[in-house]
Each structure stands twice: as structure tokens, then as C-alpha cells.
Amino acid sequence: MARHTYDLVVVGAGAAGLAAAQYGARAGLRTIAIDMSAGGQSLHIATLENYPGVFPAVTGAEFIATMRAQAESCGARIVADTVLGLDKMKDVFSVTTEQGTYLSDALIIATGAEHVPLTVPGEQELLGAGVSYCAVCDGSFFSGRDVAVVGGGDAALSEALYLASIVRSVTLIHRRDTFRARHDAVERLLAQKNITVRYDSRVTKIVGNERVQGVQITDAVTGAVSELPVDAVFILIGTRPVTALVSTLPCDAGGALITDERMATGIPGLFAAGDVRSKPFRQIVTAVSDGAVAALSAAAYCAARAAGSGVVL
């Protein structure tokens, strides 16, 4: 297998990883970003309207494509590959992938987060046959039909609003009696004529034979069970950090990696950025900030090593 040597390897090429790749390359580091998910969760955004300086709004795919081109223009290399394992021997990181091995002085983990499943009957059986975790990816398949969205956060409301523009009706099923999403998104949702909200409700089963035909809903207050006929159900109840590659590192209660303000973990030269990291807010703008800080910290770490100062970050 091929072996490649870099100053900085970034695992992940979503918003955090691409920002890290750009800033690492601009800092003079030989930098490579390994893209394991074709752009991360940003690709699921239909309309990116809250990123400062990006106006009019663009799609998440457009935003990531621009970030990628910008990082490459700065000298970063970006490859599509799957990381199988990480190791550190003495002061050198080793990243083993399906295509080869990458050696580096510094390493940034920007693996992001993955969607949390409902774990109800019918979910796995009908995945790809009406069960989806991404309206932007799959919504067009259900144009002019009736769908359900499960969740009550920013992502759920954003995707419900997107779906409302292409389907006949959207039923938003929320387990609480109030939303935790942004106020402006809630106002827009409630004003949409083809969106109905089912509060205090849980989806307890996804019904269908070879394709989704409906969802079973249990009222959280009364316990009453009903069935709602829909052609698709979009599940957006949250995300969890992807930390399998660094499972031995300290994490918070939610499973996110613990770092300091420089994005440094407890291992010298190892940094984390974006949704994989423990922090109070998860937005594209904070992911980009994390990536920039992590790359600059990695550059300082590499410089200190080269100078033999003994300083570690």
C-alpha cells in the first residue's frame, strides 16, 4: 500500500475539515484532508441563510463546493477515502485508509456527527423506501405527496419548510408541546398552510410493506395510538458525534470529544474540530471557526517541534 507523508492530516471534509485544510495549507503546512462522507452534513441544507457574508442564500452543496475549491486553491490536497484506523508512534501519526497510509506530524479529527435513529419497528426495514434522514437528498421523490417529519429542532423545522415547497402536505411530529428551534423558523413553520404540527406525540412504528405507507403515533399525554397515512417519513431528532476512530479519548456526556480552546485533545499534536467536539452550539459558522483554530494550533505545534522548543499543544 502507498505511504504518504504530510505535516497535517485532516480526517473529515465537511465545513470544519475544509476550513482546517485551508488554514493549514495557508500556514505553510503540507496538508491533506480525507473526505469520508462527501462533504458532511452541510450537504443536507436546502437553504443556507444564516452564514455571515453569504447572501443571498446558497445551498449547502454549493457552500461546501466553494469551500473545497478554496482549500485546494490554497494548496491543500483533498481525497475521497475511508479511514480504517489511527495510531501514533513516537511523534508521528499514522492514518491507515483503504487506499494507503498517511503519516503526519499533526492530526485533526473533523469527523462530524451522524443522525440519531428513532429505533422503532419498520425504520431499518423501510430505510430507502420512504424512511430518510435527509429531505434535501430524498424529498424530490415524494413531490405532490403526503409526508411526515419527526423532530422539533432547527434541522427538523428547516427540512419541513423545504418539503412544504414540493410535497402536498407535511405533518411535523414533535414529542414536546413547544419547539426548541429558532424563533424565526417556528414563525415561518406555523404560517405555512400545508404544514400540520402534532405536539406531544411520538412515532412508535413505521408502517408499510416494501414502502412506507404510514406512521403509528402515540400521544405522550393520553397514551392514545393512531395511524397517519404518509408516503415518507423524515427523521430529524438529533445527531451524535462520530468518534469511533478515537474512542479512547475523553468525551462529554453526549459522546463528544473534549478539547481546550485551541482544539487540542490530551494527545500532543492531536486536535478536534466541528460537531465531533464538545461545545454548546453546533452550527456551520462554529464548525468553520473550530477548523481554523485547530489548523493554526497544529501549525504552532509543528513549528515548536521543528524548533525543538519542547512546547506541546
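Scroll up to find the structure this text is about.
Being a predicted model, the structure only gives us computed values, none of them experimental.

Asks: What's the story with the environment of Gln-216 in this structure? I'm lost.
Replies: In this fold, Gln-216 is placed in strand β13 (residues 212–219). Linking Gln-216 and Lys-205, residues eleven residues apart in sequence, is a C-alpha distance of 5.0 Å. For Gln-216, the contacting residues outside a window of four places in its chain are Arg-202, Val-203, Thr-204, Lys-205, Val-207, Val-225, Ser-226 and Glu-227.

Asks: Sorry if this is basic, but what is going on with the environment of Ala-76 here?
Replies: Tracing the backbone through its elements, the reader meets Ala-76 in the loop between α2 (60–73) and β3 (77–80). A relative accessible area of 6% places Ala-76 in the buried class. Between the C-alpha atom of Ala-76 and that of Thr-218, which follows or precedes it by 142 residues, the distance is 50 Å. The contacts of Ala-76, once residues within four sequence positions are left out, are Ala-21, Ala-25, Thr-31 and Ala-71.

Asks: Could you clarify how one ought to interpret the nonpolar core in this entry?
Replies: In globular proteins that are soluble, nonpolar side chains generally tend to be buried together. The biggest cluster of nonpolar side chains holds 37 residues, and the ones touching the most others in it are Phe-63, Met-67, Ile-108 and Phe-271. At the level of elements, β1 (2–11), α1 (15–26), α2, β6 (100–109) and α6 (284–307) are the ones that each hand at least two residues to this core. No other element matches α6, which puts nine residues into this core. With near-sequence residues (within four places) excluded, Ile-108 lies in contact with Leu-8, Val-9, Val-10, Val-11, Ala-20, Phe-271, Ala-273, Ala-294 and Ala-295. Core analysis: the next-biggest nonpolar cluster, separate from the first, contains 23 residues, Phe-142, Val-167, Ala-181 and Val-197 among them.

Asks: Would you explain the sheet that holds strand β8 (residues 131–132) in this entry?
Replies: Sheets are built from strands paired through backbone hydrogen bonds, the pairs being either parallel or antiparallel. Read from one edge of the open sheet, five strands run β8-β15-β9-β10-β11, paired in parallel fashion. Pairing within the sheet leaves two strands with one partner each, and these edge strands are β8 and β11 (195–198). Here β8 runs beside strand β15 (residues 232–235); their pairing, made up of two bridges, is parallel. Across the sheet, the residue bridging to Ser-132 is Phe-234, located in β15. Across the sheet, helix α4 (residues 154–164) lies against β9 (146–150), β10 (169–173), β11 and β15, angled at about 165° from β10, the strand it touches most.

Asks: Mind showing me how you'd approach the sheet that holds β13 here?
Replies: Sheet architecture is open: three strands sit in the order β12-β13-β14, paired in antiparallel fashion. With one partner strand each, in any of the chains shown, β12 (201–208) and β14 (225–229) form the two edges of the open sheet. With direction set aside, neighbouring strand axes in the sheet form an average angle of 30°.

Asks: Is there a simple way to think about the packing of α4 against helix α5 (residues 183–191) in this case?
Replies: Between two packed helices, what matters for the description is the angle formed by their axes and the separation of those axes. As a packed pair, α4 and α5 sit with axes 10 Å apart at the nearest point and diverge in direction by 35°. Classified by chirality, the crossing of α5 by α4 is left-handed. Judged by residue contacts, Leu-157, Ala-160 and Leu-161 of α4 engage Ala-185, Val-186, Arg-188 and Leu-189 from α5. The class makeup of the residues in the contact of α4 with α5 is six nonpolar, no polar and one charged.

Conventions adopted
Residues numbered from 1 in each chain as written. Predicted model: local features only at pLDDT ≥ 70, side-chain atom pairs only at ≥ 80, totals over all residues. Heavy atoms only, no water. Helix = DSSP H or I, 4+ residues; strand = E, 2+ residues; numbered from the N terminus. Contact = heavy atoms within 4.5 Å. Buried < 20%, exposed > 50% of the residue type's maximum accessible area, 1.4 Å probe, protein only. Core = buried A, V, L, I, M, F, W, Y, C linked by side-chain atoms within 4.5 Å. Pairing = 2+ DSSP bridges. Axes fitted to C-alpha atoms, helices over the stretch in contact; angles between N-to-C directions. Left-handed = near helix turned anticlockwise from the far one by under 90°. Nonpolar A, V, L, I, M, F, W, Y, C, P; charged D, E, K, R; others polar.

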